[in-house]
Amino acid sequence: MNITGDVHPLHVHLVQFQVLNRQTFDVQAYQQTGKIIFTGKPMAPESNERPARKDTIKSYPGYVTRVIMRFDLPPGASVAPGQEFLYVWHCHILEHEDNEMMRPYKVIA
């Protein structure tokens, strides 16, 4: 989801993904209530995004971009239910990386 006025090239480390769709939403309502109110129908991925696997995607202003990811571990790695793995995403605009737009997230097995 992008609530800014800029396009952000978002990069996810160690994971490739596919774009499912994009959908416009009411940014002002989200900022006031924290609830996402969609204002348009889902749009198909751009022609250069399908059916390709990506590690960077354009996040457009006023859109929710849906992706699907598969988190593969090295062969032989043991995983316990509930185990947490840390991954990182960030914006490829250098000023954003320098200003906290490089964030960790957890994937739980």
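It should be noted that the structure appears before, not after, this text.
Residues numbered from 1 in each chain as written. Predicted model: local features only at pLDDT ≥ 70, side-chain atom pairs only at ≥ 80, totals over all residues. Heavy atoms only, no water.

### Focus: a nonpolar patch on the surface
A grouping of Met1, Ile3, Ile36 and Phe38 is seen on the molecular surface, where their side chains present a nonpolar patch of about 340 Å² in accessible area. When you line up the elements, Met1 lands in the segment before strand 1 (8-12). (Patch = residues over 30% accessible without salt bridge, like charges linked within 9 Å, V, L, I, M, F, W, Y side chains within 5 Å. Areas by Shrake-Rupley, 256 points an atom, 1.4 Å probe, with all protein chains shown as cover. Salt bridge = Lys/Arg side-chain N within 4 Å of Asp/Glu carboxyl O. Helix = DSSP H or I, 4+ residues; strand = E, 2+ residues; numbered from the N terminus.)

### Details of the sheet that holds strand 1
Taken together, four strands build an open sheet; the order of strands is 3-1-5-6 and the sheet is antiparallel. Each having just a single partner strand, strand 3 (56-59) and strand 6 (102-108) make up the two edges of the open sheet. The average undirected angle you get between the axes of adjacent strands in this sheet is 30°. One ladder, built from seven bridges, connects strand 5 (residues 84-91) with strand 6; its direction is antiparallel. Paired with Trp89 across the two strands is Arg103, which belongs to strand 6. (Pairing = 2+ DSSP bridges. Axes fitted to C-alpha atoms, helices over the stretch in contact; angles between N-to-C directions.)

### Focus: unusual backbone geometry
At the junction of Arg50 and Pro51, the peptide bond is cis and its omega measures out at -10° in the coordinates. One can find Pro51 in the loop between helix 1 (27-33) and strand 3. Not every positive phi belongs to a glycine, and Leu14 is a case in point at roughly 65°. Mapped onto the elements, Leu14 comes out in the loop between strand 1 and strand 2 (17-24). Residue classification places Leu14 among the exposed positions, given a relative accessible area of 79%. (Buried < 20%, exposed > 50% of the residue type's maximum accessible area, 1.4 Å probe, protein only.)

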